[in-house]
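This is what each chain is made of:
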Amino acid sequence: MASFKNTISTLKPLSRTAPSHLWGSSGTHIFYISLLLLSLFFLSTTLTQRSPAALVSALATRLRFAADYISSFTSVSSSNTCLFSDLRSNCTFSSVTVIERTPVSSVKDGRYVIKDLGSCDIFNGHWVLDDSVDPVYKPGSCPYVEDSFNCFKNGRVDVSYLRYRWKPFDCQIPRFDGRKMLEMLRGKRLVFVGDSLDRNMWESLVCALRESLKDKRRVFEVSSRSEFRSQGFYSFRFRDYRCSIDFIKSPFLVQERKISGKAGTRRDTLRLDMIQGSKYKDADIIVFNNGHWWTHQKTGKGKNYFQEGGHVYKKMEVKIAFTKALRTWAQWVDANIDRNHTRVFFAGYSASHFRKGQMDSIGGRCDAETKPIANETGLAPYPWMMSTLESVISEMRTPVFYLNITKMTAYRKDGHPSIYRPLEILKAPDMFQDCSHWCLPGVPDHWNELLYATLLISAGHE
């Protein structure tokens with residue numbers, strides 16, 4: 001604590017020499033919030049081993065970066081919102097994540113009004129049953145929902161899971177407006193990079209935006225499903241808005257590849273030090289995700305699978321490998337993404353709900369679930385992978401908007417495809433229930449509603 005007090009006293013003069021554009025009616029607020037947050041970060045790591053002088057130098061560098069970043073916007077003020085929240089509704093790390101143009105203090109959008117976002121964690125809330133709210137697009141209406149997520153097509157007749165909306169405890173969020181979002185995306189490229197849960201979110205957004213078009217023929221596939229299967233790339237373009245919504249399959253974010261083993265056999269390894277692809281670095285908005293494939297058998301066991309350079313580790317703990325992979329991603333983002341052009345989002349871990357079994361297990365079930373979990377005591381613990389992600393993001397130079405959907409998905413045991421699978425899967429003797437992905441329309445629509453709210457505020461729309 002003495003070291004921390006010395007650091008604070010040493011940092012006071014810095015406020016007098018900080019860039020002038022930080023100051024004004026809210027300048028002191030921005031500076032001291034940044035100071036507090038950054039100080040808390042260092043306290044949570046190895047503060048006791050650092051001298052006050054060394055810490056001051058590190059903090060000053062971070063603050064100057066924040067100043068440069070904020071100054072790239074015209075007439076903006078910063079709103080502080082809770083970036084990370086655990087399953088106990090505690091704000092565990094805060095950051096300046098919402099940029100709004102002065103003097104906007106609220107955004108009116110239909111029935112809902114965003115107020116006081118500077119003190120609101122939009123990811124900390126609960127699900128409210130609201131029979132007056134219809135899905136953004138009707139079940140079975142979007143041709144771009146793949147069969148695995150199309151619960152309506154696969155025979156699910158109950159629709160109660162579509163009657164819930166996400167309500168933050170401390171504010172209200174706007175109803176998704178596809179026309180308005182398309183205007184914000186005009187002339188831009190939005191790319192989802194990640195695993196099948198990111199694809200869940202991508203398909204949801206494509207369908208929600210398509211629903212807002214009077215002429216549905218004005219959206220078309222740039223690449224086909226067959227190309228996606230072979231190349232892992234899928235894209236839709238909205239002609240009238242000259243924007244594209246793309247998905248790039250990258251379940252680990254780092255490169256999985258085959259190497260030759262003994263006796264001429266070939267096996268997979270995961271290059272923890274090599275990013276997978278980079279054709280999206282010039283996109284205007286990128287939504288990454290990661291984590292779900294790290295629970296699978298080969299990554300969980302970690303035997304002869306993880307690789308750095310030419311060395312394949314005989315055994316590596318999955319937590320160590322995951323951290324290495326995330327650091328590789330973070331270093332790539334910091335080195336290649338132009339933060340004045342591209343906004344980076346990272347979607348958190350989406351909860352699974354397997355009863356009496358696990359993924360890829362005959363015993364894992366989630367069918368017959370028609371209501372969300374009622375209270376927080378029934379939620380699973382916060383995933384260790386997201387704690388690791390939070391730590392890595394906090395060390396990055398590039399601002400990353402963390403879409404912390406973990407808690408909101410943890411409640412929704414009722415929203416999975418479960419037994420409502422395509423016919424060819426149902427006929428398989430080893431068919432298992434899908435309790436990790438989500439029906440569409442469904443829960444991912446609300447992730448995009450939060451993405452929309454974040455973009456709406458940062459763009460200063462009213």
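This text follows the structure it describes.
As a starting point, this report considers the structure included with it. Model, not experiment: these values are computed from the prediction.

## Some points on the state of the cysteines
This model, assessed by the stated rule, comprises four disulfides. Shown here is the disulfide that connects Cys142 with Cys207, its sulfur atoms set 2.1 Å apart. Measuring handedness by torsion sign, the sulfur bridge of Cys142 and Cys207 sits at about -80° and is left-handed. Residue Cys142 is found in the loop between strand E5 (125-129) and strand E6 (164-168), and its partner Cys207 is found in helix H6 (residues 196-211); the two are separated by 65 residues along the sequence. Cys207 carries the same exposure label as Cys142, and that label is buried. The disulfide partner of Cys366 is Cys435, and the gap between their sulfur atoms is 2.1 Å. The chirality of the disulfide connecting Cys366 with Cys435 is left-handed, given an S-S dihedral of about -95°. Separated by 69 residues along the polypeptide, Cys366 in the loop between strand E16 (343-347) and helix H10 (384-394) and Cys435 in the loop between helix H12 (423-426) and helix H13 (443-459) bring together distant segments of the chain. According to the relative accessible area criterion, Cys366 is buried, its value standing at 3%.

## Topic: the environment of Gly194
Residue position: Gly194 is located in strand E7 (residues 189-194). When near neighbours in sequence (up to four residues on either side) are disregarded, Gly194 contacts Phe247, Ile248, Lys249, Ser250, Pro251 and Asn289.

## Overview of the pairing of strand E13 (residues 285-289)
With five of its five residues buried, E13 lies for the most part within the structure. Here E13 shows two buried faces, one formed by Ile285, Val287 and Asn289 and the other by Ile286 and Phe288. As paired strands, E7 and E13 are joined by four bridges and run parallel to one another. When the sheet's bridge partners are listed, Val193 is paired in E13 with Phe288. Relative to E16, E13 runs parallel, the two being bridged by five bridges.

The rules behind these values
Residues numbered from 1 in each chain as written. Predicted model: local features only at pLDDT ≥ 70, side-chain atom pairs only at ≥ 80, totals over all residues. Heavy atoms only, no water. Disulfide = S-S within 2.5 Å. Helix = DSSP H or I, 4+ residues; strand = E, 2+ residues; numbered from the N terminus. Buried < 20%, exposed > 50% of the residue type's maximum accessible area, 1.4 Å probe, protein only. Contact = heavy atoms within 4.5 Å. Pairing = 2+ DSSP bridges.

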